[in-house]
Amino acid sequence: MNYICRVCKKTYPIDTDQYKCECGGLFHIEYEKRIIDFEALLFSKEHSVSRYQEVLPFIDKEVTMKEGGTPIISLTPYLMGKGDYFMPTLSFKDRGAVVLVSMMKKLGIKKCAIDSSGNAATSVAAYCTRVGIECDVFVPSHTSDKKITQIEAHGATVHRIEGSREDTGKAVKDFIALNKVYYASHIYNPLFFEGTKTYVYELFEQYNYKLPEIIVVPVGNGTLLIGVSIALKELKEWGYITHYPQVVAVQSSNCAPIYHSWRKKSSHLEIISTSNTVAEGIASAEPPRGDELLEVIYSLNATVVSVSEDDIIEGQDFLAKRGLFVELTSSANYAGYKKFIEEYKEWENKSAVIPLCGAGLKSVH
Ligand SMILES: *Cc1c(COP(=O)(O)O)cnc(C)c1O
Ligand SMILES: [Zn+2]
């Protein structure tokens, strides 16, 4: 198993202490995968992410908390919500963290640092503490107190950084360079996406070996989007699907660089001015994998929508009235779905799924 640079194709062993290539390119991962045998899985009693361990890099028995295996719940006659906040740390990030931290344990890592808007750090901190890995967490100073309480409960040291999400990213990179600790980044480390891809395998089983016609995903740094695209490409390559479902990527209008670049059909992320949004989890003005996210979007023929603050807040209310209290970052997905079927009416009566990807009590505004 190796990391491989997206740009110059140079390979690095999995125990490298580099988080990107010397040329500046970001890593992908390459390893030998088997084809999932969904028929054999019918007899499996394992319903967590480990259900798919044959096609995952590695899951450690002491690390897993049985994340994954989340239900799909009816919201409207056509729309389902996938309950990804029903996981140990209350967000979809547990899918990625279990794979990343399993490998960190295998490599004998004792100390790590991560930056996030909250949920990824919570998840990495939770999995790390199970196996005694020390964790320093960098968050933007405006991150909700509830998320910080949750991170500290897992024994991580929290550093609140003034300024933008990008300033937080710079602070953690200074810290890892100075202290020589492992960078357990959900954005840079592709092991994370190998976990988030299980979201689609589960959908494929839940929709009776088909996929819903519309798959909505939030996009900040794109860790779910990249996972979804890996799984869709695998399913197609393995002959389980003949075409991709309509993927709809959702951004907040206040912070929508991917939407903006996609509208301009640009292959490079265009830096635009942004402002604060209640959807703090997707507030990434300069996602490090920006160009790659655009490439993924074009290759899947996906559509990008951007949603207003009012629509995000209304979405939270709609879902709460359906019995599901999700955080505002997560209700942006419902807002995005609504916007998509308003703009593209022919999709109104098609089966669709949105991720209910973060619990409401994480952020109360
Ligand atoms: C992390 C997160 C997102 C955004 O994921 P990205 O990887 O930044 O695209 C969306 N919603 C919730 C609840 C999250 O925790
Ligand atoms: Zn390179």
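Residues numbered from 1 in each chain as written. Chains lettered and ligands numbered in written order. Predicted model: local features only at pLDDT ≥ 70, side-chain atom pairs only at ≥ 80, totals over all residues. Heavy atoms only, no water.

Visitor: Quick question: what am I supposed to make of the sheet that holds strand β9 (residues 182-183) here?
Guide: In a beta sheet, neighbouring strands are held together by backbone hydrogen bonds and run either parallel or antiparallel to one another. If you trace the four strands from one edge of the open sheet to the other, you get β8-β7-β6-β9, paired in parallel fashion. A strand with exactly one partner marks an edge of an open sheet, and here the two such strands are β8 (157-161) and β9. (Pairing = 2+ DSSP bridges. Helix = DSSP H or I, 4+ residues; strand = E, 2+ residues; numbered from the N terminus.)

Visitor: Would you explain the pattern of salt bridges in this entry?
Guide: Opposite charge on two side chains permits pairing when their charged atoms draw close. Within this structure, the stated rule accounts for 22 salt bridges. Between Glu295 and Arg6 there is a salt bridge whose closest N-O contact spans 2.6 Å. Highlighted residues: Glu295 in helix α10 (residues 290-300) and Arg6 in the loop between β1 (2-5) and β2 (11-13), separated in sequence by 289 residues. With a shortest N-O distance of 2.7 Å, Arg289 and Glu292 are connected by a salt bridge. (Salt bridge = Lys/Arg side-chain N within 4 Å of Asp/Glu carboxyl O.)

Visitor: Would you mind showing me how to read the domain arrangement of the chain here?
Guide: Many descriptions give the size of an interface as the accessible area lost when the pieces come together. Each domain of the chain was delimited in the assignment, giving domain 1 (1-32), domain 2 (72-91 + 191-363) and domain 3 (94-183). Computed from C-alpha atoms alone, the centre-to-centre distance between domain 1 and domain 3 is 21 Å. The interface is formed by six residues belonging to domain 1 together with six residues belonging to domain 3. Summed over both sides, the interface of domain 1 with domain 3 buries roughly 430 Å², with 78% coming from carbon and sulfur. One can count zero residue pairs in polar contact (both at pLDDT 80 or more) joining domain 1 with domain 3. (Domains from an automatic or database assignment. Contact = heavy atoms within 4.5 Å. Buried area = accessible area lost by both parts, 1.4 Å probe. Polar contact = N/O pair within 3.5 Å; in protein donor to acceptor, adjacent residues only side chain to side chain.)

Visitor: Which parts of the structure should I look at to understand unusual backbone geometry?
Guide: Only a minority of non-glycine residues have a phi that is not negative, and only a minority of peptide bonds are not trans. Backbone geometry at Tyr209 places phi at a positive 65 degrees, although glycine is not the residue there. Since its relative accessible area comes to 33%, Tyr209 is described here as partly exposed. With a phi close to 55 degrees, Asn301 is a non-glycine residue in the positive phi region. (Buried < 20%, exposed > 50% of the residue type's maximum accessible area, 1.4 Å probe, protein only.)

Visitor: Would you mind going over the nonpolar core with me for this structure?
Guide: For soluble globular proteins, the rule of thumb is that nonpolar side chains tend to be buried together. Counting 85 residues, the largest nonpolar core has Val101, Met104, Val124 and Cys135 as its most contacted members. The biggest single contributor to this core is helix α8 (residues 223-237), with eight residues. Those residues in contact with Cys135 that sit more than four places away from it in its chain are Cys112, Ile114, Val124, Ala125, Cys128, Ala156 and Thr157. In this structure, Val250, Val307, Leu319 and Val326 belong to the second largest nonpolar core, which totals 28 residues. (Core = buried A, V, L, I, M, F, W, Y, C linked by side-chain atoms within 4.5 Å.)

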